[in-house]
Amino acid sequence: MGEPVATARGVVKRFGGKHARPALDHVDMTVTAGRITGLVGPDGAGKTTMIRLLAGLMRPDAGEIAILGRQPAQALDDLGYMPQRFGLYEDLTVRQNLDLYAEVRALPPEEREATYKRLLEFTDLARFQERLAGKLSGGMKQKLGLACALVKTPRLLLLDEPGVGVDPISRRELWAMVGELVSEGIGVLWSTAYLDEAEKCDSVVLLNEGRLLFNGPPHELTDTIAERVIRVTGFQSRRRRFLIRALDRADVIDGTIQGRSVRLLLQGGAPAPAPADFADGDALAIEPAPPRFEDGFIEILGGGPKGTSALAERYRTIPESDALAIEAKGLTKRFGDFVAARDMNFAIPRGQIFGLLGPNGAGKSTTFKMLCGLLTPSEGTGSVAGNDLRRSAADARAALGYMAQKFSLYGDLSVRQNLDFFAGAYGLGRHAARDAIAAMIEIFELGDTLDMNAGTLPLGFKQRLALACAVMHEPPVLFLDEPTSGVDPVARREFWTHINGLVEKGVTVLVTTHFMDEAEYCDRVTLIYHAEQIATGAPDDLKARAARASGAADPTMEDAFIALIEESNHQARAAA
Amino acid sequence: MNLPDFRFDRRRLRALMTKEFAQIARDPSTFLIALAMPLLLLFLFGYAVSLDTNHTRIGLVVEDSSAPALRLAQSYAVSTYFDVTPGRNLAELRGGMAAGKLRAIIVIPQDFGARVHRGKVPRIQVITDGSLPNTAGFVAGHAQGVFQNWAASEGIGQAPAAAHVPRIELSARYWYNPGLRSRYFLVPGSIAVVMTMIGTLLTALVIAREWERGTMEAMMATPISMAEFIASKVLPYFVLALASMALCTVIAELAFGVPFRGSILALLAIASAFLLPSLGLGLFISSATKNQFVASQIALLAGFMPAMLLSGFIFEISSMPWPIQALTYIVPSRYLIPALQTVFLAGDLWNLILPDIAIMIVFGFAFFAMSFFVTRRSLD
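Per chain, the residues get numbers from 1 upward, laid out in the order the sequence is written. To read the labels, note that chains go from A and ligands from 1, taken in the order they are written. It should be noted that, the model being predicted, local features are given only for residues of pLDDT at least 70 and side-chain atom pairs only at 80 or more, the latter also being counted only at that level, while totals for whole chains, interfaces and linings use all residues.

- Chain B appears in an unreviewed UniProt entry as ABC transporter permease from Novosphingobium album.
- UniProt positions are given in the numbering used here, feature names are shortened, and annotations may be inferred rather than shown by experiment. UniProt, in the comment section headed Subcellular location (unreviewed entry), describes chain B in these words: "Cell membrane".
- What the UniProt record of chain B gives under Sequence similarities (unreviewed entry) is the line "Belongs to the ABC-2 integral membrane protein family."

- Naming follows an unreviewed UniProt entry, where chain A appears as ATP-binding cassette domain-containing protein of Novosphingobium album.

Now the structure itself:
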């Protein structure tokens with residue numbers, strides 16, 4: 001134990017010409033036998049490139065890579081690799097996939113039965129051997145991908161974002177499985193964009209934009225900010241307003257909403273504020289909170305944005321109204337026999353954030369698309385800003401701003417052309433369009449990128465541009481589909497600062513996310529699992545419910561989700 | 001980095017091929033291209049598309065009512081080459097010609113009978129539709145043929161003065177395809193198209209699909225060599241293409257009565273030689289594009305279209321302008337089609353077939369070398 005199975009020294013990798021920003025810029029790292037090394041960072045950090053270099057699929061432009069003392073391409077016999085899409089043949093059965101990998105990896109035939117038995121038990125796929133891989137759920141595909149990578153026990157296991165988009169239960173199971181492998185002495189490299197996963201790794205390699213920011217056990221990073229994280233409760237003003245004011249203080253470098261409390265990261269060296277400093281009622285209480293890996297990341301990046309959103313300052317105030325901003329009544333969508341979303345019910349008043357939470361394929365996007373008129377519901381109805389979906393879908397669409405998954409902009413148009421196009425598409429007059437575009441350019445600091453093609457922008461800028469395009473016409477309702485997927489935590493903070501500001505102006509927001517911690521920004525969330533709503537309520541209430549159900553104290557949103565899924569499975573079994 | 005690596009392991013190759021066959025068996029589109037499309041093409045070229053000139057619709061204007069003129073008109077009417085629409089004058093039929101309902105108008109002029117009577121060679125006028133030059137040529141030829149038959153039966157041209165001169169009579173016989181049935185050479189030609197579809201299009205699609213779905217990446221991280229991977233793609237489609245060709249041949253013989261005068265060995269040799277460039281091109285396209293949509297577009301453009309247009313399948317190469325003729329020399333199916341036609345219609349004329357086979361093999365090696373060059377075991 002403890003010997004290095006993979007090492008990289010001074011690795012540089014460039015794509016597209018000498019002047020392009022390197023995808024990896026002098027990165028050193030080590031994967032040790034018997035430990036989980038986390039390769040952590042937002043999209044575009046260089047995680048996949050690093051893994052492909054280690055797997056011998058590419059060659060570095062500079063630097064040395066050794067796998068067990070050999071060149072990567074010479075060490076393929078000792079390598080298990082699960083690429084992002086699991087590398088499965090979806091038109092083959094589970095068994096055929098295993099057979100293929102067993103044969104190409106030259107598993108001795110006499111070991112085959114025992115190995116299959118062990119792997120199928122381990123992954124709980126024994127019942128599905130004859131099922132086509134393409135018909136498995138996301139979590140099951142992930143397990144099969146892992147089984148294929150393990151068919152001949154490797155000494156180095158590379159997992160490229162195995163946790164993305166699969167449901168939290170599968171993620172937790174996978175983590176437990178990998179833990180078992182590590183105890184057998186395999187060195188595991190686990191790449192992830194989820195910073196909460198980083199905390200569970202034995203050692204972490206933190207990358208951002210190709211540069212190594214941190215390398216070591218995660219507590220070494222969080223230790224640097226211990227004592228500087230506080231939780232504030234009991235304030236009188238609205239929590240979003242409180243966060244905005246707190247962030248505008250000079251001694252606060254980052255802050256997030258956690259249900260009914262607010263979590264703040266303080267400037268190093270500054271004295272901790274006293275409750276009276278916030279001047280927000282007598283009940284205000286401050287207590288220290290455990291630091292998280294994400295806090296450390298933000299500290300390295302130089303802190304998050306301040307609290308006031310220039311976008312919100314400029315935005316019109318949406319008139320007060322008792323009418324519901326968004327309503328879903330029994331929305332159901334079927335594709336043939338397949339039910340993508342069943343009986344969705346919720347009502348969102350003006351000026352709230354409502355979250356649809358769930359793994360990929362659970363039915364979030366389907367529900368979402370029905371509400372913005374992109375899919376016709378099979379049953380049920382709904383309304384957006386007072387416009388009935390069935391009768392006046394076009395009016396409903398005009399009343400909302402839509403930010404699609406992956407920031408669907410026109411990649412081959414320039415930033416300015418995108419802004420022009422969306423201003424026109426939302427029907428802004430010439431003067432209004434000119435003013436709005438000028439304002440967006442200033443607020444989102446797009447001035448230097450105006451002539452660049454939107455497709456070539458860094459992800460953080462794409463996200464800004466997508467938000468700019470969605471809010472130019474100042475809609476009363478915003479639909480955000482996975483709005484922060486893959487961006488770094490500072491960009492995520494900026495985004496939520498704008499959204500919080502807009503909500504304070506009366507905008508209503510419907511957001512989907514598979515980042516469980518982002519649910520904390522929502523006033524209410526609904527958990528969607530297997531096309532059904534399994535629980536709806538304020539994040540704190542759901543966590544409290546989960547704590548009662550599972551007995552765990554202070555659960556995270558992810559713990560709550562898992563507990564509630566188990567509860568719903570339990571009920572389903574009891575009913576059957 | 002890893003330049004072409006030729007490690008070969010029977011076990012790995014067998015595993016990869018098993019996988020490939022399992023995928024073929026489960027993919028309906030493969031069957032569609034390998035079985036349904038050949039049938040469709042065969043029936044299309046066997047029945048619907050015909051380059052034969054039987055029953056061409058023509059107009060016939062008889063301005064003379066003498067007995068020889070009527071007998072000539074009768075000859076046209078009974079000819080199987082023509083469907084005759086009679087008319088009293090040219091103006092009456094001109095509209096039909098303009099509308100494309102008539103391909104030609106034959107005029108038997110007023111002085112026809114008088115000229116016969118005076119012992120002169122009578123004249124007729126044949127007006128053809130120049131917008132369809134092929135048909136126009138056929139019609140003019142056949143019209144003249146009918147006229148000459150008539151003249152012979154009337155004894156015209158056998159003037160007493162010429163009686164001593166030995167008459168030269170041309171009598172054309174078409175060997176190998178006596179009835180000049182276009183089906184006989186279109187059906188072997190469509191076998192070429194079918195094999196191009198399987199060899200080039202299907203192969204291009206399946207490798208591009210591995211890139212798109214990310215399975216290529218997973219495979220490259222295992223100990224397989226590129227040679228094994230490529231062989232595992234080529235061999236199944238080779239077998240599939242041969243099976244499809246066998247199906248076409250059987251149908252050509254049984255359903256269309258196309259003669260098969262050569263041997264199965266020769267047919268197999270020709271088809272195998274052709275599949276080398278065909279599969280090689282498919283491999284090259286998919287490795288260079290790594291994208292199913294682009295690969296299919298290029299495969300249609302670089303494989304299917306030349307096989308249809310530049311191979312001599314439908315359009316005769318010798319009647320193309322010279323730059324296009326020059327271009328046909330780099331189209332592998334140009335060598336396949338004459339070889340196939342030889343085997344079907346003439347027999348095993350190895351001295352004709354072998355050069356074609358040799359050239360196709362050379363093309364095959366060239367394409368395979370190109371694909372090895374672009375298929376690096378690398379994502380760079």
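## Looking at the overall build of chain A
Part 1 of the argument: Each helix and strand counted, chain A has 18 helices and 23 strands in total.
Part 2 of the argument: Here the radius of gyration uses the C-alpha set of atoms, whereas the globule reference equals 2.2 Å times the residue count to the power 0.38. Against the 2.2 N^0.38 benchmark of 25 Å for 576 residues, chain A shows a C-alpha radius of gyration of 25 Å, consistent with a compact globule.
Part 3 of the argument: The C-alpha extent of chain A, read off along each of the three principal axes, is 75 × 60 × 50 Å.
Part 4 of the argument: Three classes are used. A residue is buried when 20 or more other C-beta atoms lie within 10 Å of its own, exposed when 12 or fewer do, and partly exposed in between, with C-beta atoms placed from the backbone. The buried share of chain A, taken over its 576 residues, is 52%.
Part 5 of the argument: Here, residues touch in the contact sense if the C-beta positions derived from the backbone fall within 7 Å of one another. For chain A, the proportion of contacts with a sequence separation of at least 24, taken over those separated by at least 6, is 72%. Segments assigned H or I by DSSP are reported as helices when at least four residues long, segments assigned E as strands when at least two residues long, and all are numbered from the N terminus.

## A look at the overall build of chain B
Part 1 of the argument: Assigned secondary structure in chain B consists of 14 helices and four strands.
Part 2 of the argument: With 380 residues in all, chain B has 39% of them scored as buried.
Part 3 of the argument: Of the contacts made within chain B by residues no fewer than 6 positions apart, 80% connect residues no fewer than 24 positions apart.

## So, the domain arrangement of chain A
Often the size quoted for an interface is simply the accessible area lost on bringing the parts together.
Residues and elements named next belong to chain A.
Part 1 of the argument: Residue ranges assigned to the domains are those given by an automatic or database domain assignment. By the assigned domains, chain A splits into domain 1 (4-221), domain 2 (226-307), domain 3 (313-399 + 477-537) and domain 4 (409-474).
Part 2 of the argument: If you average the C-alpha positions of domain 3 and of domain 4, the two centres end up 23 Å apart.
Part 3 of the argument: With ten residues of domain 3 in contact, the opposing surface of domain 4 contributes eight residues.
Part 4 of the argument: Ranked by the residues each element gives to the side of domain 3 that touches domain 4, the list is headed by helix α16 (residues 489-504), at three residues.
Part 5 of the argument: Note on residue categories: nonpolar means Ala, Val, Leu, Ile, Met, Phe, Trp, Tyr, Cys or Pro, charged means Asp, Glu, Lys or Arg, and polar means any other residue, Gly included. Classifying every residue of the side of domain 3 that touches domain 4 gives five nonpolar, two polar and three charged.

## Some remarks on the domain arrangement of chain B
Part 1 of the argument: By the assigned domains, chain B splits into domain 1 (10-49 + 182-374) and domain 2 (56-162).
Part 2 of the argument: Distance between the C-alpha centres of domain 1 of chain B and domain 2 of chain B: 47 Å.

## Observations regarding the UniProt feature "transmembrane region" (unreviewed entry) in chain B
Part 1 of the argument: On the UniProt side, "transmembrane region" (unreviewed entry) is annotated at positions that read residues 31-49, 184-208, 234-252, 264-288, 294-315 and 352-374 of chain B here.
Part 2 of the argument: In residues 234-252 of chain B, the share of helix is 100% and the share of strand is 0%. The end C-alpha atoms are 26 Å apart.

## Describing helix α11 (residues 364-371) of chain A
Part 1 of the argument: With respect to burial, α11 of chain A is a largely interior element, eight of its eight residues being buried.
Part 2 of the argument: In the stretch just after α11 of chain A, Gly373 of chain A is the one whose phi turns positive, near 75°.

## Some words on the sheet that holds strand β4 (residues 62-67) of chain A
All names here are of chain A.
Part 1 of the argument: Spatially, β2-β1-β4 is the arrangement adopted by the three strands of the open sheet, whose pairing is antiparallel. Because the sheet does not close on itself, it has two edges, and the strands there are β2 (24-32) and β4. Recorded for the sheet is a direction-independent mean angle of 10° between the axes of neighbouring strands.
Part 2 of the argument: Pairs of strands are assigned from DSSP output, requiring at least two bridges between the strands. By the bridge criterion, five bridges tie strand β1 (residues 4-13) to β4 in an arrangement that is antiparallel. Looking across to β4, one finds that Val12 is bridged to Ala62.
Part 3 of the argument: Interaxial angles span 0 to 180 degrees and are taken between N-to-C directions of axes, which are lines fitted to C-alpha atoms, for helices over the stretch in contact. Packed on one face of the sheet, helix α1 (residues 47-54) meets β1, β2 and β4 and runs near 120° to β1.

## Overview of the packing of helix α8 (residues 239-248) of chain A against α16 of chain A
All names here are of chain A.
Part 1 of the argument: Where α8 meets α16, the axes come as close as 10 Å, and the angle between the chain directions of the two elements is 130°. In terms of orientation, α8 and α16 fall into the oblique class. Crossing hand, α8 versus α16: left-handed. The residues of α16 that touch α8, namely those facing Arg240, Arg241, Leu243 and Ile244, are Asn500, Gly501, Val503 and Glu504.
Part 2 of the argument: Taken together, the residues that form the contact of α8 with α16 break down as three nonpolar, two polar and three charged. For classification purposes, an angle smaller than 35 degrees is called roughly parallel, one larger than 145 roughly antiparallel, one from 65 to 115 roughly perpendicular, and anything else oblique. Crossings are assigned a handedness: left-handed for a near helix turned anticlockwise from the far helix by less than a right angle, right-handed for a clockwise turn.

## Considerations on the packing of helix α13 (residues 415-425) of chain A against helix α14 (residues 430-443) of chain A
Residue and element names in this part refer to chain A.
Part 1 of the argument: Where α13 meets α14, the closest approach of the two axes is 10 Å, and the angle between their N-to-C directions is 135°. Classified by the angle between their axes, α13 and α14 sit oblique to one another. Seen from above, α13 lies across α14 with right-handed handedness. Each of Leu419, Asp420, Ala423 and Gly424 in α13 lies in contact with α14, whose residues at this interface are Ala433, Ala436, Ile437 and Met440.
Part 2 of the argument: Considered class by class, the residues forming the contact of α13 with α14 number six nonpolar, one polar and one charged.

## Thoughts on the sheet that holds strand β4 (residues 125-128) of chain B
Residues and elements named next belong to chain B.
Part 1 of the argument: As summarised here, the arrangement of the four strands in space is β2-β1-β3-β4, forming an open sheet in which the pairing is mixed. The open sheet terminates on both sides in strands that have one partner only, identified here as β2 (82-87) and β4. The average undirected angle you get between the axes of adjacent strands in this sheet is 25°.
Part 2 of the argument: Bridging between strand β3 (residues 104-108) and β4 involves four bridges; their strand directions are antiparallel. Opposite Ile106, over in β4, you have Val126 as the bridge partner.
Part 3 of the argument: Across the sheet, helix α4 (residues 90-98) touches β1 (56-62), β2 and β3, and the angle it forms with β1 is around 165°.

## Some remarks on the interface of chain A and chain B
Part 1 of the argument: Taken together, the 23 residues of chain A in the interface contact 24 residues of chain B.
Part 2 of the argument: Every element with two or more residues in the side of chain A that touches chain B is listed here: β5 (79-82) and α2 (94-104) of chain A.
Part 3 of the argument: Residues that form the side of chain A that touches chain B fall into these classes: 13 nonpolar, three polar and seven charged.

## What about the UniProt feature "domain: ABC transporter" (unreviewed entry) in chain A?
Part 1 of the argument: What UniProt calls "domain: ABC transporter" (unreviewed entry) maps, in this numbering, to residues 6-234 and 326-555 of chain A.
Part 2 of the argument: Here residues 326-555 of chain A is 35% helix and 27% strand, with 30 Å between the C-alpha atoms at its ends.

## Some points on the environment of Gly100 of chain B
Part 1 of the argument: With respect to the helices and strands, the residue Gly100 of chain B is situated in the loop between α4 and β3.
Part 2 of the argument: In sequence terms Gly100 of chain B and Arg57 of chain B are 43 residues apart; their C-alpha atoms lie 9.5 Å from each other.

## So, the pairing of β5 of chain A
All names here are of chain A.
Part 1 of the argument: Here β5 shows no split at all, with Leu79 and Tyr81 on one side and Gly80 and Met82 on the other all buried.
Part 2 of the argument: Across four bridges, β5 lies against strand β6 (residues 156-159) in parallel orientation. Counted as the bridge partner of Tyr81 is Leu158 from β6.

## A look at the nonpolar core
Part 1 of the argument: With 249 residues, the main nonpolar core has Leu465, Leu478, Phe479 and Leu564 of chain A together with Met195 and Ile270 of chain B as its most contacted residues.
Part 2 of the argument: Looking at which element gives the most residues to this core, the answer is helix α7 (residues 182-213) of chain B, with 18 residues.
Part 3 of the argument: Only buried Ala, Val, Leu, Ile, Met, Phe, Trp, Tyr and Cys residues enter a nonpolar core, and they are joined through C-beta atoms within 7 Å. Core analysis: the second largest hydrophobic core is formed by 23 residues, Ala69, Ile105, Ile108 and Val116 of chain B among them.

## Considerations on unusual backbone geometry
Note: most peptide bonds trans; most residues except glycine with negative phi.
Residue and element names in this part refer to chain A.
Part 1 of the argument: One non-glycine residue, Asp343, lies in positive phi territory at about 50°.
Part 2 of the argument: Of note, Asp343 is situated in strand β15 (residues 338-349).
Part 3 of the argument: Exposure remark for Asp343: the 15 C-beta atoms within 10 Å place this residue in the partly exposed category.
Part 4 of the argument: Positive phi values are uncommon outside glycine, yet Glu482 reaches one of about 45°.
Part 5 of the argument: Within the secondary structure layout, Glu482 lies in the loop between β20 (477-481) and α16.
Part 6 of the argument: C-beta crowding within 10 Å serves as the criterion here: with 22 such atoms nearby, Glu482 is assigned to the buried category.

## A word on the environment of Pro217 of chain A
Residue and element names in this part refer to chain A.
Part 1 of the argument: Note on placement: Pro217 falls in the loop between β9 (211-216) and α7 (218-223).
Part 2 of the argument: Judged by C-beta crowding, with 13 C-beta atoms within 10 Å, Pro217 ranks as partly exposed.
Part 3 of the argument: Sequence separation between Pro217 and Thr37 is 180 residues, and the spatial gap between their C-alpha atoms is 8.9 Å.
Part 4 of the argument: For Pro217, the contacting residues outside a window of four places in its chain are Asp202 and Ser203.

## So, the confidence of the model for chain B
All names here are of chain B.
Part 1 of the argument: For chain B, mean pLDDT is 82; residues scoring 70 or higher make up 88% of the total.
Part 2 of the argument: Low confidence marks residues 159-167, where pLDDT is under 50. Its contacts with residues over four positions away, or in another chain, come to two contacts.
Part 3 of the argument: Model confidence for the complex is summarised by a pTM of 0.80, with the ipTM given as 0.76. pLDDT: the predictor's confidence for each residue, scored from 0 to 100.

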